[in-house]
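Listed below, chain by chain, are the residues.
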Amino acid sequence: MTLNRLLLFCLLFVSTHIFSQKENASFSVVPLGVMGGIDEKNLSAYLIAPSNTNDYICLDAGTVNAGIEKAIEKKTFKVSTSEVLRKYIKGYLISHAHLDHVSGLIINSPADSSKTVYATNKCMEMMENHYFNDQTWANFGDAGPGFPLRKYHFQTLNLGVETLLTNAKMTVKAFPLSHVNPFESTAFLIRSNTDYALYLGDTGSDEVEKSNNLRDLWTAVAPLIKQKQLKGIFIEVSFLNEQPDKFLFGHLTPNYLMKELHVLEDLAGKGSLKNFKIIITHLKPPAKNIVKIKEQLKNQNDLGVQIIYPEQGKKLEL
């Protein structure tokens, strides 16, 4: 084989491989915010849609407008910020009501279009009573205190019940998480056709939280891993291994994440997580800590999972 033919063969192989990967993707994900901590322009928010559509649901909404602008800057979106906000985002799934997960939803509500906000009962009560209450902020919902403006439909999710997401061709099933027990956060199992993606809001480990919430969640999704239907898990790692348990405040370290993934592998079968996509969320500054967290995750990755660090505004395919 001549050198030119060899180069052509390699180019065709790589192109076919990349095309095949995109062909097999079930979900498109656009991170609008990926960090925990103090950077208000880059806080937890992930758009997810069935592949090759613009029917996005926003998983948490710490940062919205700045994230859309970053996505436009990176050519992920080729329309205006307003069009993404008003037309592409079909609704919001809120894991818990801490400000770093809802501030973008609140601040952008006057410019937004009518859509549904989904949350569990406790989370929805907090948003209605403390944010959209006609005092802290105008009530853009259709329930709660004051004068509801009815722009948003507030839909309460029942735990463990699959719910159709309006205008998004996906469903969601909510599971409880402990984020400083007994405070609840939520995991969302998203389905498009026969494939799934799992997003966890802030969570501590079962060991620290004295809970079975993560084991119950792993038990629920283990069959989907066995059947290759679960395309990836979004899960937080906020602190270094050196962080004392009493100062974790309902978050994970590399060590506790890997312990939890070992529980998941035990349930799904030995070797089931090799090359499985784990998308790390909620990394907290300073930058030197983030560098060290990544080193610790790499060194402890004895399961062979594919660790992905999402970048604000850059599309991921699952």
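Here the structure is a predicted model, which is why all the values come from computation and not from measurement.

### Some details on the sheet that holds strand β8 (residues 170-178)
With mixed pairing, seven strands are arranged side by side in an open sheet as β7-β8-β9-β10-β11-β12-β13. At either margin of the open sheet sits one strand with a lone partner, and together these are β7 (163-165) and β13 (306-308). Each neighbouring strand pair of the sheet contributes to a mean axis angle of 25°, computed without reference to strand direction.

### Overview of the sheet that holds strand β5 (residues 115-120)
Judged by pairing direction, the sheet is mixed, and its seven strands sit side by side in the order β6-β5-β4-β3-β2-β1-β14 without closing on themselves. Edge positions in the sheet fall to β6 (152-157) and β14 (316-317), since each has one partner strand and no second. In this structure, strand β1 (residues 27-33) lies alongside β14, joined through two bridges in antiparallel fashion. Residue pairing across strands places V29 opposite L316, the latter belonging to β14. Packed on one face of the sheet, helix α3 (residues 81-88) meets β3 (56-59), β4 (89-93) and β5 and runs near 70° to β4. Sheet strands touched by helix α5 (residues 121-130): β5 and β6. Its angle to β5, the strand with the most contacts, is close to 120°.

### Quick notes on the packing of helix α2 (residues 65-73) against α3
The geometry of α2 relative to α3 is characterised by a closest axis approach of 9 Å and an angle of 115° between their N-to-C directions. Every pair of crossing elements has a handedness; the one defined by α2 and α3 is right-handed. Residue-level contacts link N65, I68, E69 and I72 of α2 to T81, V84 and L85 of α3. Considering only residue class, the contact of α2 with α3 consists of four nonpolar, two polar and one charged.

### Some thoughts on the packing of aromatic side chains
The geometry of an aromatic ring pair is captured by the separation of the ring centres together with the interplanar angle, meaning the angle of the planes. Inspection of the entire model under this criterion finds nine aromatic pairs. The interplanar angle of 85° and the centroid separation of 5.8 Å between the aromatic rings of Y56 and F77 together place this pair among those described as edge-to-face. Linking Y56 in strand β3 with F77 in the loop between α2 and α3, this pair joins segments that are 21 residues apart in sequence. Neither Y56 nor F77 differs from the other in exposure class; each is buried. Members of the aromatic cluster, connected to one another through ring pairs, are Y92, F132, Y152 and F154.

### As for the confidence of the model for the chain
Predicted coordinates in regions of low pLDDT should not be interpreted in detail. When pLDDT is averaged across the chain, the result is 94; 93% of the residues are at 70 or more. Here residues 14-21 is a poorly scored stretch, pLDDT under 50, and it has zero contacts once near neighbours within four places are set aside; other chains count.

### A look at the nonpolar core
L93, L198, L200, L217, W218, L230 and I233 are the most contacted members of the largest nonpolar core, which has 63 residues in total. Broken down by element, the residue count for this core peaks at seven residues, all from helix α7 (residues 213-226). The contact partners of L93, leaving out residues within four places of it in the chain, are I57, C58, L59, D60, Y118, L157, L165, V172, F188 and I190. If you look at the next biggest cluster of nonpolar residues, it comprises 32 residues, including L85, Y92, I106 and Y131.

### Some details on the pairing of β4
In terms of burial, β4 is largely enclosed, as four of its five residues are buried. Two elements, β3 and β4, share four bridges in a ladder whose sense is parallel. Within the sheet, the bridge partner assigned to Y56 lies in β4 and is I89. The β-α-β motif built from β4, the intervening helix α4 (residues 99-108) and the parallel element β5 has right-handed crossover chirality.

### Side note on the pairing of strand β11 (residues 230-236)
With respect to burial, β11 is a largely interior element, six of its seven residues being buried. Of the pairings in the sheet, the one linking strand β10 (residues 195-200) to β11 comprises three bridges and is parallel in character. Each bridged residue has a counterpart across the sheet, and for L198 the counterpart in β11 is I233. Sheet topology places β11 next to strand β12 (residues 277-281); four bridges connect them, and they run parallel. From the neighbouring strand, E236 faces β12, where its bridge partner is T281.

### Quick word on the environment of K231
Residue placement: K231 occurs in strand β11. Looking at K231, the relative accessible area reads 23%, which means it is partly exposed. The sequence separation of K231 and K277 amounts to 46 residues, and the corresponding C-alpha distance is 6.9 Å. Not counting residues up to four positions away in its chain, the partners in contact with K231 are S26, F27, D195, Y196, F276, K277 and L318.

### Thoughts on the packing of helix α8 (residues 254-268) against helix α9 (residues 287-300)
Between α8 and α9, the least distance of the axes is 9 Å, while the angle of their chain directions is 35°. By crossing handedness, the relation of α8 to α9 is classed as right-handed. Here P254, N255, L257 and M258 of α8 lie close against α9, whose contacting residues are I293, Q296, L297 and Q300.

Basis of the calculations
Residues numbered from 1 in each chain as written. Predicted model: local features only at pLDDT ≥ 70, side-chain atom pairs only at ≥ 80, totals over all residues. Heavy atoms only, no water. Pairing = 2+ DSSP bridges. Helix = DSSP H or I, 4+ residues; strand = E, 2+ residues; numbered from the N terminus. Axes fitted to C-alpha atoms, helices over the stretch in contact; angles between N-to-C directions. Contact = heavy atoms within 4.5 Å. Left-handed = near helix turned anticlockwise from the far one by under 90°. Nonpolar A, V, L, I, M, F, W, Y, C, P; charged D, E, K, R; others polar. Phe/Tyr/Trp six-rings, centres within 6.5 Å; stacked < 30°, edge-to-face > 60°. Buried < 20%, exposed > 50% of the residue type's maximum accessible area, 1.4 Å probe, protein only. pLDDT = per-residue confidence, 0-100. Core = buried A, V, L, I, M, F, W, Y, C linked by side-chain atoms within 4.5 Å. Right-handed = clockwise from strand over helix to strand, strands pointing away.

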